[in-house]
Structures are given as C-alpha cells and as structure tokens.
Amino acid sequence: MSSDRTREVTKRILLVLFALWLLQFAFFPPLASRPAELSYSAFLDALAERRIAEVVITDRVLEGEFVSGEAFTVTLPAETTGLAERLEEAGVEQQYKVARQPWWLALLPTVIWLGAMIGLFAWAQKRQAGAMGLARGAVKPLAPGESTVTFADVAGVDEVKADLEEIVDYLRNPDKYRQIGARIPRGVLLYGPPGTGKTLLARAVAGEAGVPFFALSGSSFVELFVGMGASRVRDLFAQARKNAPCIIFIDEIDAVGRQRGAGPVAGGHDEREQTLNQLLTEMDGFGAYEGVIVLAATNRPDVLDRALLRPGRFDRQIPVGPPDAKGREEILRVHAAGKQLDPSLDLAAIARRTPGFTGADLANLLNEAAILAVRRGRKQITMNEIDEAIDRVVAGGPARKGRMIRPEEKRRIAVHEAGHALVATLTPGADPVQKVTVIPRGRAGGFTLTAPEEDQMLYTRSELEARLKMMLGGLAAEEVLMGERSTGAQDDLKRATQIAREMISRYGMGESVGLMSVPEADWPGVQTVSQESAAAIEREVQSVLDRLYREVRRLIEANRDRLVALVVELSDRETLDGDEVRQILGA
Ligand code: ADP
Ligand code: MG
Ligand code: ZN
C-alpha cells in the first residue's frame, strides 16, 4: 500500500468510527425508551397520594412503579431526609441496591473507542513510515551492494559522473584525502530538468560507493503527521552518524527546502519550516571528516531556501542538463541493451532526430518501440517502430510537446549561436569562446559561453565594445542568413543595453554626455538625473548600439561562408568547444 492510499483509508476508517461513536448515543440513549422521569417533588406528591406501589433505589436513582403498574424513575437530590420513613409510612415496598455500574464502567465504551482510534492512528503512521522505508525510530539504510545500479547505467552526463566518482573515491579511501588535508564537500546538490537522470545517478552512487545509503524523498518529511518531520530529520542524521562513512540522499529536496515564508500552502508552513531548520542545523552539526555526505536532487533549484546553499551545506552544486547528440546516442545504447534491434538501426541517427529529449524520454522511446514491435508480431525493433514511438513520446504530454524543438527553430538557434561565436572569435579584444551549444537551457534556446583567459578587473572601452559586438552577433547572423530577426535576441539586447548605458553614464565613455557619473536610481535623498541628461544618455546608448550593430553586420556579411560552415557543424554536433569553433572558422 502506498503511503497516500494508507492515509486515505485511515481517514475513512476514522470517520466511520467517529460516526458510530456518535450513533451509539442516538440508538442507546441513557434514558430514552426508559420509564418516564419524574421530578422529586412530583414523586413526593404521588407518594403522599399513595399512588406508588414499589421502589428500587440504586445510589441516586430511584426506579419505581405506580399502583397503576406504570414504571417511572426519579433522580434523587443529594438531600432526601426522611424518605425511607415516608415510604414505609405509605406502605411502599422498598429495595436498595448497590450501583450496578461503577463510574469507570460507564466510561468504558468511550475509553474503548478512544483506544481503538489511537491504535489505528499509530498503525497508520507506522504503515506510512514503513511505506517509505522508515520503520518508526530506525531509518534503514540500503546496505552496500544492495543497489545494483552502477555508473555504467548512466550515460551522457560524463562531467557529473566525474564529480560523483570523486566523492565515491573519498568514501572508499578517506585516509588519502585526510592525509593531504583535502576538504570534501558535505552536501552535493544535483539539479536540472526532470528525467535527466538525477535519481538514477544517486542510485549509481549507492551502487558504487560500498557504504550504507540512506535514501528518502523530501516530500516524505512534510507529508508526515504534524511534528514528525523535524524529529525524522534528527533520527536520520543520528543513524547516519552511527553508520559513517555513509551517504544520505534526499530526493526532491525542494519539497522540504522551499524558501521559508514563501509558497502557496497556507497553514502547512510551520511544519515544513521546522523540518527545514532541523535539516540546516544537522548539516552544520557534523565535522568535515565525519564521513557523512548528503546528496540531494531537485528540479527546482530556484525555489530552494538560500540557506541550504551556503558553504558547509550544499556547497557543491552540479547541474544535470539534457544530453547532447552524442550523449543521447550513449543513453540509447544503454537502454538498447537487452532489446532486440534490427541490425540496420542507427542509434546515432535516432539521437540526431531527438533534440531536447532527456534520458527518461529516450528510455521511454525505446520501450514504446519495443511494445509496438510486439504488437506487430515482429521479432526485432525497426526504424518504423522508432518513428512512431518518437511521435508518441513527443505527444506524451503538454510539457513534452513544448520541449521538442521544431527543425526550423533548431536551425535558427544554430544560426544565432554561430553568430555570437563567429563575432567573438573574429573581433580583436573579445573574450575567446569556451563553448557553444544549441541544447536548450531554461528559457534560452542555446548559448555561447565566452570567458577571458585570465581574471580581469578593468575593461577598456574597446574591450567593452568588443563584448557588445559579440552580444549583437546572434541577431545580426539571424538577419543575414534567415532574412529577418526573431524574439530570440531579447536577452542579448537587454544585457547589451545595460552595458552601453553603464559605459556612458558611469565610465565616462560617451561623447555627448561627457565625464559625468549618473546616480543609479532614485535613492532617497539622491538627486536623480535631469530629464535632459536622461534623454541625452538614451540617445547616446542608441547611437552606440546602432554603430556597433552596423559593424557586426559588415563583419558577418564578409564572413558568410565561415558562418555557414559553423552553422552546419553546430546543427550536427549540437555542442562545440572553443578550439573546435576556432578550427572550423580557421582562426
Ligand atoms: P530525474 O531524477 O532527473 O527526474 P530519473 O533519474 O528519475 O530522472 O530518470 C528516469 C529514468 O530515465 C531513469 O530510470 C533511466 O531509465 C532514464 N534515464 C534518465 N537519464 C538517464 C541517463 N543519463 N542515462 C541512462 N538512463 C537515463
Ligand atoms: Mg528524480
Ligand atoms: Zn544570443
């Protein structure tokens, strides 16, 4: 039973029990369908009129019968002086009984009901704890060797694997690191879009590290009954310390690690914040050499509480992005193992046709194709099934649809990025290209990374202009090769405008505005710039950008063939490093 189901069932059972408990009063009311209740004075009157035949007195309750044969009861007041004499005088037969029910007996049904409910509550809680692999009190680790996943099962994320291998190595030979005084990160955060293999990587770490592995999901902390999350965190870390060296893995940590005092859930906050605070405390609490490494994964690094990312906590953050064409081919190879493929099937070709697919998409793709092959009575998967499976995976959901890049769009992105790379390479003073890619990252279709060879503190005017030209290169390349501009340059223009504005308003690099530093914004008490100056700055920003853009266009038109060559390579290989770019451009 999943924990969700357990909760649902428990809730229903509790409701039914509660309803029954209420019903018992309706069906067995203490006094209903019993003899009529008489007031004491009415009873005394009846007694005086000699209408009473007999009475039985139990404690404060008097049950009696009229001479007519009708039964009645009376609740006796505390003070009934002379009652016995009066009864005798009236010739009423009287009996005295000890209370049939001691007070605790009267309470017994309620006690039993309450006990049942509490028992059920405890059972459900245990059940739920069991469902997530946490028996009450003791968090059970995966023993070394229990996870059969290894790094060989994860493909296309070589850089991430290298980072994690280092951590595995540390856990295996801590002395080697200790002797040299190396500090290994305490917390490692894997982040990236869903389906890129973060959970799989963690399981591979468990399979490779040869140390106990405590795995749980962030949501299991917060879905627990109130007050349990924080103590669970405490338990977990206490257990981990006892089992060191070991690894704690918190999957989907955003469920517990969301920014404090934010988020849509009302009321549920305190609980989550307590849990998060406990987690922060625990992570601070262990020393560098304690041998406990906390691994976490999230699709939403943006919502994480900043405190989680501070040094000493998750200070190593590793991006896990969607794979490039080569990576996709490797992933396909991993998942093709054990499947019957037609020998003519070309995995590299499939990889080229699936830009934007994640590892999960590719695994899904091969599985769909295998199912189709069975349905068609084939012994092997052919390109036919692959084709259809690609369509199915692409249509698999609205999110997926958006991620599959249209071919003409992919070409435009390649042109745009090639433009940046070409301008950066051919403009003296620009930072050299480190990497250019057409694989989407967040909102950006692709990106070109440039970085100076050494740290730089000061920039000359020509260096800033070279940087601006590089930023305008994408737009210019689109215009030259595709005939018109697109919205893809929005971010470039924003950043370029900002730099140009700073050149003119802060660094005195403008012509009409001159040597004047313009106050940032309207800080209280700071005289903002006059309207005329603002307009002058605006005009000058405009003219600087226009002039540089014309130069960039001329550069691109003069090197059109080189640009086309770069676009072709980039479309094919999706990611190029700086040396490859320079080689293709012959620079
Ligand atoms: P995430 O945790 O990043 O959302 P998962 O690790 O749950 O993604 O991936 C789901 C499945 O997709 C994996 O079990 C595996 O079958 C497949 N997969 C994802 N990434 C890879 C990869 N890099 N190499 C091989 N298989 C992958
Ligand atoms: Mg996951
Ligand atoms: Zn751009």
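You'll find the structure just up there.
Keep in mind the model is a prediction, meaning the values are calculated, not measured. Starting afresh in each chain, residues are numbered from 1 along the sequence in its written order. Starting at A for chains and at 1 for ligands, labels are handed out in the order in which the entities are written. Confidence filtering applies because this is a predicted model: local features only for residues at pLDDT of at least 70, side-chain atom pairs given and counted only at 80 or more, and all residues used for totals across whole chains, interfaces and linings. With hydrogens and water excluded, all non-hydrogen atoms of the structure serve as input to the side-chain values.

1. Quick notes on the packing of aromatic side chains
So the rule is basically this: Stacked, edge-to-face and tilted labels apply to pairs of Phe, Tyr and Trp rings (six-membered ring for Trp) whose centres lie within 6.5 Å, assigned for plane angles under 30 degrees, over 60, and everything in between, in that order.
Within this structure, the stated rule accounts for five aromatic pairs. Following the ring pairs from residue to residue traces out a cluster consisting of Tyr40, Phe43, Phe66 and Phe72.

2. A look at the nonpolar core
Put simply, the rule reads: Joining through side-chain atoms within 4.5 Å is the link that ties buried Ala, Val, Leu, Ile, Met, Phe, Trp, Tyr and Cys residues into a set, and such a set is a nonpolar core. Remark: exposure states derive from per-residue accessible area (1.4 Å probe, protein chains only) relative to the maximum for the residue type, with buried under 20%, exposed over 50%, and partly exposed in between. Numbered from the N terminus, helices here are DSSP runs of H or I no shorter than four residues, and strands are runs of E no shorter than two. Contact criterion: two residues are considered in contact whenever any of their non-hydrogen atoms come within 4.5 Å of each other.
Within the largest apolar cluster, 46 residues are counted, with the highest numbers of intra-cluster contacts made by Leu468, Ile556, Leu563, Leu566, Val567 and Val581. Contributing elements (two or more residues each) for this core: α17 (407-426), β11 (433-437), α18 (461-482), α19 (490-505), α20 (531-558), α21 (560-573) and α22 (578-585). Per element, the largest residue contribution to this core is 10 residues, and it comes from α18. Beyond its immediate stretch of four places on either side in the chain, Ile556 contacts Leu422, Val423, Gly473, Ala476, Ala477, Val480 and Leu563.

3. Some remarks on the site of ligand 1
Put simply, the rule reads: One heavy atom within 4 Å of a molecule or strand makes the whole residue count as near it. Counting of polar contacts relies on pairs of N or O atoms within 3.5 Å, with two restrictions inside protein: one atom must be capable of donating a hydrogen and the other of accepting it, and residues adjacent in sequence are counted only when both atoms are side-chain atoms. In these tables, accessible area is a Shrake-Rupley quantity obtained with a 1.4 Å probe, and a residue counts as shielded only by the protein chains included in the view. An automatic or database domain assignment provides the domain bounds reported here.
Close to ligand 1 lie 15 residues; Ala155, Gly195, Lys198, Thr199 and His335 are nearest. Thr199 has a polar side-chain atom sitting 2.7 Å from an oxygen atom of ligand 1. The contact in question runs from a nitrogen atom of ligand 1 to an N or O atom on the side chain of His335, over 2.8 Å. Relative to its free-state accessible area of 560 Å², ligand 1 is covered by the protein chains to the extent of 80%. Sorting the residues of the shell around ligand 1 by element identifies α7 (198-209), α12 (325-336) and α14 (359-375) as the ones contributing at least two each. A domain split of the shell around ligand 1 shows at least three residues from each of domain 2 (151-260 + 271-319) and domain 3 (325-395).

4. Thoughts on the environment of Val518
Mapped onto the fold, Val518 is located in the loop between α19 and α20. Filtering out sequence-adjacent residues up to four positions away, Val518 remains in contact with Ser505, Val529 and Ile537.

5. Focus: the coordination of the zinc ion (ligand 3)
Basically, it comes down to this: Each metal's donors are the N, O and S atoms within 2.8 Å of it, or within 3.2 Å when it is Na, K or Ca, and because water is not part of the set, sites may look incomplete.
Coordination of the zinc ion (ligand 3) by the protein involves His416 (NE2), His420 (NE2) and Asp492 (OD), with metal-donor separations of 2.0 to 2.1 Å. Of note, the zinc ion (ligand 3) draws all its donor residues from one chain, in the sequence arrangement H-x3-H-x71-D. Residue His416 and its partner His420 are located together in helix α17, separated by four residues, close to a single helical turn. Looking at His420, the relative accessible area reads 4%, which means it is buried.

6. A few points about the packing of α17 against α22
What counts is decided by this rule: Lines are fitted to the C-alpha atoms to define the axes, a helix being fitted only along its stretch in contact, and any angle between axes, read from their N-to-C directions, falls within 0 to 180 degrees. Convention used here: angles under 35 degrees read as roughly parallel, angles over 145 as roughly antiparallel, angles from 65 to 115 as roughly perpendicular, and any remaining angle as oblique. Each residue gets one label: Ala, Val, Leu, Ile, Met, Phe, Trp, Tyr, Cys and Pro are nonpolar, Asp, Glu, Lys and Arg are charged, and the others, such as Gly, are polar.
For the pair α17 and α22, interaxial distance at closest approach is 11 Å and the crossing angle is 80°. With respect to α22, the element α17 is oriented roughly perpendicular. Where α17 approaches α22, its residues Ala421, Leu422 and Thr425 are matched on the opposing element by Val581, Arg582 and Leu585. Looking at the contact of α17 with α22 residue by residue, the classes come out as four nonpolar, one polar and one charged.

7. Things to note about unusual backbone geometry
Here the residue pair Ala244 and Pro245 is connected by a cis peptide bond, since its omega of 0° sits within 30 degrees of zero. Its location among the elements puts Pro245 in the loop between α9 (228-243) and β8 (246-251). The backbone phi angle of Glu252 is positive, close to 50°, even though this residue is not glycine. Here Glu252 shows up in the loop between β8 and α10 (254-257). Not every positive phi belongs to a glycine, and Glu574 is a case in point at roughly 70°. When you line up the elements, Glu574 lands in the loop between α21 and β13 (575-577).

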